[in-house]
Amino acid sequence: MCWRTSNDSYKNVGQYGNYNCDSPWTLVESTVNFMKSHEGKPDFIVWTGDDSAHVLDGNFSLDKVLQIMGNITNIINETFPTTPVFPVFGNHDAYPKHFFPPTKCHLYESVAKLWKDWIKEEGTVTFRKGGYYKIAHPTVANAVIIGLNTPLYYQKNNALLNLVESDPTGQFAWLETTLKELSVSGNKAYIIGHVPPGVFGRKVKPTGYQWFRPDFNRRYIEIVVKYSDVIIGHLFGHDHTDSLKIYYNKAGNPVNVHFVAPAVTPWNTTLSGIGPNNPGVRFFFYNTTVGNLVNYEQYYLNLTESNKQQKDNWQLEYNFRETYDLQDMSPQTIDNVIQTFNTENNTYFDKYYLYNSVSVTPATQCNSVCRKNHYCSITRVDYTMFAICNDAHSTSGKAAITAAVNFYVGTIGGLFLVVCYWCLQH
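A short tour of the structure in this document, coming up. (Residues numbered from 1 in each chain as written. Predicted model: local features only at pLDDT ≥ 70, side-chain atom pairs only at ≥ 80, totals over all residues. Heavy atoms only, no water.)

Notes on the environment of P151
Link 1 in the chain: Summarising the element assignment, P151 is placed in the loop between β4 (143–147) and α5 (171–185).
Link 2 in the chain: Here the alpha-carbon distance between P151 and H92, two residues 59 residues apart in the chain, equals 8.8 Å.
Link 3 in the chain: Setting aside chain neighbours within four positions, we find P151 in contact with F89, G90, N91, F100, N157 and V195. (Helix = DSSP H or I, 4+ residues; strand = E, 2+ residues; numbered from the N terminus. Contact = heavy atoms within 4.5 Å.)

What about the layout of surface pockets?
Link 1 in the chain: In this structure, the largest pocket encloses a volume near 460 Å³.
Link 2 in the chain: If you go around the largest pocket, you meet 26 residues; those closest to its centre are H54, H92, W267, T269 and T270.
Link 3 in the chain: Along its surface, the second largest pocket is lined by 16 residues, and I231, I232, N256, N292 and P331 are the ones closest to its centre.
Link 4 in the chain: Of all the elements in the fold, those that place two or more residues in the lining of the second largest pocket are β6 (231–236) and β8 (254–260).
Link 5 in the chain: Among the elements that line the lining of the second largest pocket, the one with the most residues is β8, at four residues.
Link 6 in the chain: Partitioning the lining of the second largest pocket into residue classes produces nine nonpolar, five polar and two charged. (1 Å grid on protein atoms, 1.4 Å probe; cavity = no way out; pocket = protein on both sides within 12 Å on 5 of 7 lines; lining within 4 Å. Points joined across faces, edges and corners; volume = space filled by probe spheres on them. Nonpolar A, V, L, I, M, F, W, Y, C, P; charged D, E, K, R; others polar.)

Things to note about the state of the cysteines
What we call a disulfide is simply a covalent bond connecting the sulfur atoms of a pair of cysteines.
Link 1 in the chain: On inspection of all chains with the given rule, the structure shows two disulfides.
Link 2 in the chain: Disulfide pairing places C366 opposite C370 at an S-S distance of 2.0 Å. Measuring the twist about the S-S bond at about -105 degrees, one finds the C366-C370 disulfide to be left-handed. In this structure, C366 and C370 share a single accessibility class: buried.
Link 3 in the chain: There is a disulfide in this structure between C376 and C389, and the S-S distance comes to 2.1 Å. Handedness of the C376-C389 disulfide follows from its S-S torsion of about -75 degrees: it is left-handed. (Disulfide = S-S within 2.5 Å. Buried < 20%, exposed > 50% of the residue type's maximum accessible area, 1.4 Å probe, protein only.)

Looking at the pattern of salt bridges
Opposite charge on two side chains allows them to pair when their charged atoms are near.
Link 1 in the chain: Counting across every chain of the model gives seven salt bridges.
Link 2 in the chain: Taking the shortest distance from any N to any O, the salt bridge between R213 and D215 comes out at 2.8 Å.
Link 3 in the chain: Between R282 and D242 there is a salt bridge whose closest N-O contact spans 2.8 Å. With R282 in strand β9 (residues 280–287) and D242 in the loop between β6 and β7 (243–248), this pair connects stretches of sequence that are 40 residues apart. (Salt bridge = Lys/Arg side-chain N within 4 Å of Asp/Glu carboxyl O.)

Here's the deal with the sheet that holds β4
Link 1 in the chain: In spatial order, the strands read β3-β4-β5-β6-β8-β7; together these six strands make up an open sheet with mixed pairing. The open sheet has two edge strands, β3 (133–136) and β7, and neither has a second partner. Each neighbouring strand pair of the sheet contributes to a mean axis angle of 20 degrees, computed without reference to strand direction.
Link 2 in the chain: In the sheet, β6 pairs with β8 via three bridges, with the strands oriented parallel. Across the sheet, residue F236 finds its bridge partner in β8, namely V260. (Pairing = 2+ DSSP bridges. Axes fitted to C-alpha atoms, helices over the stretch in contact; angles between N-to-C directions.)

Concerning empty space enclosed by the protein
Link 1 in the chain: In this model, the largest cavity occupies a volume close to 110 Å³.
Link 2 in the chain: Lining the largest cavity are 15 residues; nearest its centre among them are L244, F320, Y324, I338 and Y352.
Link 3 in the chain: For the lining of the largest cavity, the element with the highest residue contribution is helix α9 (residues 331–338), accounting for three residues.
Link 4 in the chain: A per-class count over the lining of the largest cavity returns 13 nonpolar, one polar and one charged.

Remarks on helix α4 (residues 116–130)
Link 1 in the chain: Here α4 is 15 residues long, yet its end C-alpha atoms lie only 15 Å apart, well below the 21 Å a rise of 1.5 Å per residue gives.
Link 2 in the chain: Roughly 95 degrees is the biggest bend found in α4, and it falls at G123.
Link 3 in the chain: Of the surrounding secondary structure, the elements contacted by the buried residues of α4 are β1 (45–47), α2 (62–79), β2 (85–87), α3 (106–114), β3 and α5.
Link 4 in the chain: Positive backbone phi, approximately 80 degrees, marks G131, located one or two places after α4. (Expected span 1.5 Å × (residues − 1). Bend = angle between axes of the 7 residues up to and from the residue.)

Digging into the packing of α2 against α3
Link 1 in the chain: One way to put it is that α2 packs onto α3 with a least axis distance of 11 Å and a crossing angle of 20 degrees. Viewed along their axes, α2 and α3 adopt a mutual orientation that is roughly parallel. The interaxial crossing formed by α2 with α3 has right-handed handedness. Taken together, the residues of α3 that come into contact with α2 (itself represented by L62, L66, M69, G70 and T73) are H106, L107, S110, V111 and L114.
Link 2 in the chain: Split into classes, the residues belonging to the contact of α2 with α3 amount to six nonpolar, four polar and no charged. (Parallel < 35°, antiparallel > 145°, perpendicular 65-115°, else oblique. Left-handed = near helix turned anticlockwise from the far one by under 90°.)

See below:
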């Protein structure tokens, strides 16, 4: 879908889209068909939202937004009729865009009906209240999926302008209560959402390009660090880029990893200095007994080559553990590699930066300031600590952390299955 028609460069869209445009339907179909061909019977799918185009509100209405969400829902249902799907709101899944009220509304009611077969009766009550839910994990007996409405916390959420809201829709209180109950019962959770906390690593800025409102960012960090022993992992989207964040406790020890998957849409954001990305889809491997993440494979579509060949050649971009020489997916093991990112000529960071754009932009385009911004965005989810890291990066190391804490399935070896987690933003 290419709305920018005033510039001739946007007219040659190509069969699978253009880096200056959102996903055409052919790209959406290509993505879902690839998922089906790669592994036809996944354990579950996580859909991280953002479905309507990145254009002015005048091009849309609430009915159009709901129709687009319905189209995506239908194609997933038709392709994977027996697969559990766990969806969440993206900030463009509203009208006007970024408009998520702090109370019940027609949007929450309408989408609860649209997704009722996926979120079941157990998730519908809270979804109608505020667009969030909890549902039993489909394969792990002692685990749940927690789907959050994080566009509520987005700085651009126009529904909260001029409103003093410490806990819109009561989602924070509900999340803390839910995690506390899981802790008492010895159960675990995946947290899924769209807009992540922290700053956008690809946007270089001394204080960081911040997604959440500052008070919401602090509250989110406090809760997930407090209950980090309950949380298996965080699976989010929004950035359109491939990244991650690490949460640390007050002692400075890594306790959780927050994965941010790239998008299907190749759209080149209007933010300066960011650039486009190739479409991507991610497959996670996990332990079906306890739920722990074991590995993931990132697949992508080279948009330029696919348009030239008029063939959608999806291919493996990288294997997470093989790329970073990881023995496991524990927060400490991952953090050990991330701590090398702040050194010059680091091959791990060079790979990370290339994959951050889904193999569009090489690391040669990232100078020392850019490198520092990425490192700090991964290791400092707290805004104040990010700014300190960015100013004193070369000497502070990890010491400053203590000041503020910041599915598609085949069986492998009996225990490990692969689950697809994909971010569809078109």
